[in-house]
Amino acid sequence: MLVLLILHLVAALAAPLLVRWWGPRACYPLALAPAAAFGWALARTPAVAHGGAVVETYPWIGQLDLDIALRLTTLSWLLTLLIGGVGALVLVYSARYFDADAPGMAQFTAALVAFAGAMLVLVFADDLLLLYVGWELTTIFSYLLIGHSTERRSSRWAAAQALTVTTAGGLAMLVGFILLGEHAGSYRWSEIATHPLPGGGYLITAVLLILAGALSKSAVLPFSSWLPVAMAAPTPVSAYLHAAAMVKAGVYLVGLLAPVLATVGPWRPVVLVAGVATMLVGGWAALRQTDLKLLLAYGTVSQLGLLVAVTGAGTPDAALAATAMLLAHALFKAALFLVVGVIDHGAGTRDLRELSGLRRWSRPLFAVAVLAAASMAGVPPLVGFVAKEAVFAAFTDDPVLLTGLVAGTVLTVAYSARFLWGAFADRPGVEPVEPEPIAASMLIPPAVLAVVGLLAGPAAGVLDGLLSPYAELLGAVDGHLTLWPGPTAALGLSVLALAGGGLLFALRGPLAPVLARLRAPVNGNQGYEWTVGRFDRLAIEVTGATQRGSLPQYLGIILVTLVLLPGGAMLAAGPWRAGLPLWDNPLQPVVVVVITVAALLAVGARRRLTAMLLVGMTGYGTAMLFILHGAPDLALTQFLVETATIAVFVLVLRRLPERFSARPLRRSRWARRVIGVATGVAAGGLALVAAGARRAPDISAVFPDLAVGEGYGRNVVNVTLVDIRAWDTMGEVAVLVVAATGVASLIFERSRTGPRPRRPESADRAARSDRPVWLRGGPTLYEEQRSLVLEVVTRLIFHTVVLFSLFLLFSGHNAPGGGFSGGLVAGLALAVRYLAGGRYELTEAAPVGAGLILGAGLAVAVGSGAVALAAGGSVLESAKLDLSLPLIGDAHLVTSLFFDIGVYLIVIGLMLDILRSLGAEVDRHIEATGTARSGLAVDKGGRT
């Protein structure tokens, strides 16, 4: 099973390349992926024929006890046949349905194959959480497929509506899965099904949430509106997603859970009432449609209601009938959608009021449509008749429900006849349509489906033997699938339904005014639009009330929320620690006093630079506390981060006023002070509570041994970053790259990888003079901005600082340092070089793009993990290489050093990007602004 999933993934990834080579004809080789799933399932028929199962389990997320648990049983076997068989035929059909220059063909084929793979994940999954993964993947790919025609607003709207409704239902279902899994003690459905579940409101809540997801996916009331709107998708998508695959997911879930949950209180009332109501409402709506595709769409809604009601009834006979109807519906409805696609492709319209004479255009197509529509109406000897007979027989003991099913079947017969009449009849006063010839690859797929539906009827006995194992999960099965049941009540009801449907179709003229008037005052689509509109309006109102453009207001809201919610919960619980020591070292209270005084002075400072320096003092004080607690690595990092932050602040403050504004008013100041004090108290209290709330052993207690034994280093902090918790570091460096990209995109008006700035001629003349030039960028600055002492000091210490950063990088595995600290030191060296010589000096110091350094660092960090994987270890696992070097002797190289080198490069790239964006690029803006004000072209070298 896993091989099939990988095959679909590979095919989806290869689809764009194949489409580029062969155009729509690439659908032929891509059809081999779902065809392989069909063949594989067919070969596994003996394994599941008598209630057996095919099981595969692969480790996935060990910490969560989550495995890729795959299981094939009778129900999933049937769905796999439909997913693979219909999927392959739809891809063959698509090869001629789309023109050679059709836009978005690569995305369409990739999404369709990926969707087939996602459906296989869903039906193979034995773990409920894995099932949810497949469920949401089908939602995403269906969104892409429904919205294929991105240039049309209706297509985008339909895709968004389908995504919104099914995602909301999927999230509710996920909560239900979690409740059920925790309630049962396992997320493996095969284990849950073998143990009794304790009842109560907990289980009832889980069942209702799961049913919400199932009903939304299968477009059952009140979630039906999205499916007719989704007919904006290309017809092959409708034939696959909305007839044979996606909408069957909800039915499959109901069928999977019914043997265990059908006896839970709300299960049967929900599925029976919602299912029968959907069948009646959808069937009545189908009679009013003039678009053949919409007619089939509302018919699909109707029959999905039937499937949900029968599947969820929870009796053995109903379960057997449900599987037969599941098969029949996929065969006839997919065939009919493909027939509509042929008509639309050839005639250029689907409006039954404009179609006439198509019966003579293609008699084979007409025959296919007759077979599929007859199966939908339940005409013998097709499989639709066998399934409908089994449904009636399963509910003979429930006259109320049976009456609803018969009424829905009458509507089904009527709109089946309406479909054939609308598509193929000769219509007086309408010119006969003269379509284009039909390609064989467009006629064969619906023909295959229709013929299989015809052959499956006489083979009802074989189907009964194959599908009965699923029904037996609910108990002993009394009924059987048979083509000729004899003179039974079910047969009489079938005759009554056929006669009633035929009469309803014959009276379509007199009933037209009734059909037009008898409808809900608000349809499902209007209800969806109203709901979305109200949410949009609420979002606008909330945004207008809170997003006022005031950063202090935003910060105040966040801090007040912190104080009220977690702080209030802390006060209510009162988990105070007794005997808390105030300090461990007499120097600690001295440092705390310094930090406190600096913070208070920062609040009252009027100059921005003064406030920034005072805030920096609080950071340096925090670093001193780290030193006093014996954490030199943390202290070094804090010192460097604080210094780099001050440098960035200085760059930003150049574009801000020197002083803070006179606002806020006195009352606002006191309010902010109260918020600040309350936040400090709440944060301190939460820190104490969190530190004293531990019940399990501290995981970091084993880190020292792991650092030496597994990471081959004595610096626990560094080994933790590059080995023990390397995945966390990988995520953090990725965030750094994203942050650098964001800063550059906000500042640069042009590409940050553009040409290097050329030095003014005055700088070149100064460089050629006899005067000593300590920094090449120095002469580009105004004389009043230059500092000869700073230039000399920078020239003397720059290379030493860079070497010191390399020392920190290579020594960090066993001593304080590491890639992050070393990168900060190198970045600060570049910052000093920029401050001493300006933006031209920065280019001299680092004549390479920041993006290149960032990319190289990320590649090295990721590549080090891949190398460990290729070497047979885990991703980012450290290995020690013992080397014997001439003149040096024995040396030991730990592979995590390369990960640290990647971090080193990323930090340097980030600092360089900040210096070039907030520094050099802001310089350029200042120069341009000054030029604009003066009207003179004056550069920093003194040229005019």
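Residues numbered from 1 in each chain as written. Predicted model: local features only at pLDDT ≥ 70, side-chain atom pairs only at ≥ 80, totals over all residues. Heavy atoms only, no water.

## Structural notes on the overall build of the protein chain
For clarity, the threshold we go by: In DSSP terms, a helix is any run of H or I states spanning at least four residues, a strand is any run of E spanning at least two, and both are numbered starting from the N terminus. Think of it in three bands: residues with accessible area under 20% of the maximum for their type are buried, residues over 50% are exposed, and the middle band is partly exposed, with areas taken using a 1.4 Å probe on protein chains only. Should any heavy atoms of two residues lie within 4.5 Å, those residues are considered in contact. Throughout, the Shrake-Rupley method with a 1.4 Å probe supplies accessible areas, and for residues the shown protein chains are the sole cover considered.
Each helix and strand in the protein chain was counted, giving 39 helices and four strands. Counting only C-alpha atoms and orienting by the principal axes, one finds that the protein chain spans roughly 110 × 75 × 70 Å. Taken across its 944 residues, the protein chain has 48% of its residues classed as buried. At a minimum sequence separation of 6, the contacts of the protein chain that also span at least 24 residues come to 77%. In the form shown here, the protein chain has an accessible surface area of approximately 43900 Å², with 67% of it arising from carbon and sulfur atoms.

## Some thoughts on the pattern of salt bridges
Rules: For salt bridges, the criterion is a side-chain nitrogen of Lys or Arg within 4 Å of an Asp or Glu carboxyl oxygen.
Evaluated as defined, the whole model comprises nine salt bridges. Note that Asp67 is salt-bridged to Arg188, the shortest N-O span being 3.3 Å. Of this pair, Asp67 sits in strand β2 (residues 66-72) while Arg188 sits in the loop between α8 (153-184) and α9 (189-192), and the two are 121 residues apart along the sequence. Here Asp67 and Arg188 have matching classes, each one buried. Linking Glu541 and Arg537 is a salt bridge whose minimum nitrogen-to-oxygen distance equals 2.8 Å. Residue Glu541 and its partner Arg537 are both found in helix α25 (residues 524-546); the two are separated by four residues, about one turn of the helix. By relative accessible area, Arg537 is classed as partly exposed at 46%. Here the salt bridges share partners, and the residues they tie into one network are Asp291, Asp344 and Arg350.

## Some details on the layout of surface pockets
What counts here: Note on definitions: the grid is 1 Å and covers protein atoms alone; a cavity is a set of points where a 1.4 Å probe fits but cannot get out; a pocket is an open set with protein on both sides within 12 Å along at least five of seven lines; lining residues have an atom within 4 Å of a point. Grid points are joined across faces, edges and corners, and a volume is the space filled by probe spheres set on the points.
Of the pockets and cavities examined, the largest pocket occupies roughly 1600 Å³. Lining the largest pocket are 36 residues, and of these Leu555, Ala602, Val603, Phe660 and Arg672 sit closest to its centre. Sorting the residues of the lining of the largest pocket by element identifies α26 (551-564), α28 (587-604), α29 (608-628), α30 (632-653) and α31 (666-692) as the ones contributing at least two each. At eight residues, the largest contribution of residues to the lining of the largest pocket is made by α31.

## Some details on a nonpolar patch on the surface
Counted only if it meets this: Residues form patches when they are more than 30% accessible in relative terms and have no salt bridge. Like charges link within 9 Å. Nonpolar side chains (Val, Leu, Ile, Met, Phe, Trp, Tyr) link within 5 Å.
The grouping of Val789, Leu790, Val793, Leu796, Ile797, Val832 and Leu835 at the surface amounts to a nonpolar patch, some 580 Å² of accessible area in total. Going through the elements one at a time, α36 (788-811) and α37 (819-845) are the ones with two or more residues in the nonpolar patch. With five residues, α36 is the largest single contributor of residues to the nonpolar patch. With respect to the element layout, Val832 can be found in helix α37.

## Looking at the packing of helix α16 (residues 316-347) against helix α21 (residues 440-456)
Counted only if it meets this: Helix axes are fitted to C-alpha atoms over the stretch in contact, other axes to C-alpha atoms as well, and angles between N-to-C directions run from 0 to 180 degrees. The cut-offs work like this: below 35 degrees is roughly parallel, past 145 is roughly antiparallel, 65 to 115 is roughly perpendicular, and the gaps in between are oblique. A clockwise turn of the near helix away from the far one marks a right-handed crossing, whereas an anticlockwise turn of less than a right angle marks a left-handed crossing. Under the scheme applied, nonpolar residues are Ala, Val, Leu, Ile, Met, Phe, Trp, Tyr, Cys and Pro; charged residues are Asp, Glu, Lys and Arg; polar residues are all the others, including Gly.
Interaxial distance between α16 and α21 falls to 9 Å at its minimum, and their mutual angle equals 155 degrees. Classified by the angle their axes make, α16 and α21 are roughly antiparallel. Where α16 crosses over α21, the two elements pack in a sense that is left-handed. For the pair formed by α16 and α21, the contact residues are Leu331, Ala334, Ala335, Leu338, Val339, Gly341, Val342 and His345 on the first element and Met442, Pro445, Pro446, Leu449, Ala450, Val452 and Gly453 on the second. Class assignment of the residues belonging to the contact of α16 with α21 gives a composition of 12 nonpolar, three polar and no charged.

## Details of the packing of aromatic side chains
Definition in use: Between the rings of Phe, Tyr and Trp (Trp by its six-membered ring), a pair exists once the centres lie within 6.5 Å; its type follows the angle of the planes, with under 30 degrees stacked, over 60 edge-to-face, and the other angles tilted. Only when the NZ atom of a Lys or the CZ atom of an Arg is both within 6 Å of the ring centre and within 35 degrees of the ring normal do we say a charge sits over the ring.
According to the stated counting rule, one finds 10 aromatic pairs in the structure shown. Joined through ring pairs, the aromatic side chains of Tyr93, Tyr97, Phe98 and Phe108 make up one cluster. A cation over a ring is seen here: Arg833 above Phe798, with NZ or CZ 4.6 Å from the ring centre.

## Some points on empty space enclosed by the protein
Enumeration over the complete set of coordinates arrives at five cavities of 30 Å³ or more. Forming the boundary of the second largest cavity are Leu75, Val251, Tyr252, Gly255, Thr311, Ala322, Thr323, Leu326 and Tyr470. Here the residues of the lining of the second largest cavity sort into six nonpolar, three polar and no charged.

## Considering the environment of Phe419
Of note, Phe419 is situated in helix α20 (residues 399-424). Classification of Phe419 by relative accessible area gives buried; the value is 0%. For the pair Phe419 and Leu336, spaced 83 residues apart in sequence, the C-alpha to C-alpha distance is 9.3 Å. When neighbours within four sequence positions are excluded, Phe419 is seen to be in contact with Leu292, Leu295, Leu296, Leu336, Val340 and Ala369.

## A word on unusual backbone geometry
Comment: phi is negative for the bulk of residues other than glycine, and the bulk of peptide bonds are trans. Residue Pro222 follows Leu221 across a cis peptide bond; omega there is 5 degrees. Relative to the elements of secondary structure, Pro222 occurs in the loop between α10 (201-217) and α11 (226-229). For Ala219, which is not glycine, the phi torsion reads 55 degrees and is therefore positive. When you line up the elements, Ala219 lands in the loop between α10 and α11. Backbone geometry at Tyr712 places phi at a positive 60 degrees, although glycine is not the residue there.

## Thoughts on the packing of helix α15 (residues 292-311) against α16
In the contact formed by α15 and α16, the axes pass within 10 Å of each other and the chain directions differ by 170 degrees. Judged on the interaxial angle alone, α16 and α15 are roughly antiparallel. Along its contact with α15, which presents Leu292, Lys293, Leu296, Ala297, Gly299, Thr300, Gln303, Leu306, Leu307, Val310 and Thr311, the element α16 presents Ala318, Ala321, Ala322, Met325, Leu326, His329, Phe332, Lys333, Leu336, Phe337, Val340 and Ile343. Class assignment for the residues of the contact of α15 with α16 results in 16 nonpolar, five polar and two charged.

## Side note on the nonpolar core
Counted only if it meets this: The nonpolar core is taken to be a set of buried Ala, Val, Leu, Ile, Met, Phe, Trp, Tyr and Cys residues, with the residues joined through side-chain atoms within 4.5 Å.
Within the largest apolar cluster, 200 residues are counted, with the highest numbers of intra-cluster contacts made by Phe124, Tyr240, Trp267 and Phe395. Ranked by residue count, the leading element in this core is α16, at 22 residues. Ignoring anything within four residues of it in the chain, the contact list for Phe124 reads Met1, Leu4, Leu5, Trp40, Ala69, Leu70, Arg71, Leu72 and Thr80. Counting residues in each nonpolar core, the second largest holds 39 residues, with Ala829, Tyr834, Val903 and Met911 among its members.

## Concerning the pairing of β2
Filter applied, for reference: In this scheme, strands are said to pair when DSSP sees at least two bridges between them.
The element β2 is largely enclosed, with a buried count of six among its seven residues. In the sheet, strand β1 (residues 54-61) pairs with β2 via seven bridges, with the strands oriented antiparallel. Within β2, the residue paired with Pro59 across the bridge is Asp67.

## So, the environment of Asp67
Test applied: Two N or O atoms count as a polar contact when they lie within 3.5 Å, although within protein this holds only if one can serve as hydrogen donor and the other as acceptor, and sequence-adjacent residues are included solely when both atoms are side-chain atoms.
Spatially, the C-alpha atoms of Asp67 and Thr57 are 6.6 Å apart, while their sequence positions differ by 10 residues. Not counting the four nearest positions on each side in its chain, Asp67 is found in contact with Thr57, Tyr58, Pro59, Trp60, Asp127 and Arg188. Here Arg188 takes part through its side chain, which lies 3.3 Å from a polar atom of the side chain of Asp67.

## Remarks on the confidence of the model for the protein chain
Stated precisely, the cut-off is as follows: Confidence scores labelled pLDDT are given residue by residue by the predictor and lie between 0 and 100.
Of all residues in the protein chain, 91% attain a pLDDT of 70 or more, and the chain-wide mean is 83. Put simply, helix α35 (residues 761-768) is where the protein chain has its lowest mean pLDDT, 51, and helix α3 (residues 32-43) is where it has its highest, 93. Every residue in residues 931-944 scores below 50 in pLDDT, and together they form 24 contacts with partners more than four places removed in sequence or on other chains.

## Some remarks on the environment of Gly544
Tracing the backbone through its elements, the reader meets Gly544 in helix α25. For Gly544 and Ile797, which are 253 residues apart along the polypeptide, the C-alpha to C-alpha distance reads 53 Å.

## With respect to the side chain of Ser917
Relative to the helices and strands, Ser917 is located in helix α39 (residues 896-934). Given the relative accessible area of 0%, Ser917 is considered buried. In this structure the side chain of Ser917 is engaged in a polar contact, spanning 2.6 Å, whose partner is the backbone oxygen of Asp913. Polar contacts involving the side chain of Ser917 include one to the main-chain carbonyl oxygen of Ile914, which spans 3.3 Å.

## Brief notes about α28
Operational definition: Take the residue count of a helix, subtract one, and multiply by 1.5 Å to get its expected span. Think of it as the arc spanned by the lines of direction from the helix axis to the C-beta atoms.
Here α28 is 18 residues long and its end C-alpha atoms lie 26 Å apart, about the 26 Å a rise of 1.5 Å per residue gives. Among the residues of α28, Gln588, Val591, Ile595, Ala598 and Ala602 are the ones counted as buried. Down the axis of α28, the smallest arc covering the buried residues is 95 degrees, so these residues share one side. Facing away from the buried side of α28 by over 90 degrees, the exposed positions are Leu600 and Val603.

## Some words on α21
Compared with an ideal rise of 1.5 Å per residue, which puts 17 residues at 24 Å, α21 spans 24 Å between its outermost C-alpha atoms and is within 8% of the ideal. Residues Ser441, Met442, Leu443, Pro445, Pro446, Leu449, Ala450, Gly453 and Ala456 constitute the buried set of α21. For α21, the elements touching its buried residues are α2 (27-30), α5 (74-97), α16, α18 (363-377), α19 (383-394) and α22 (460-471).

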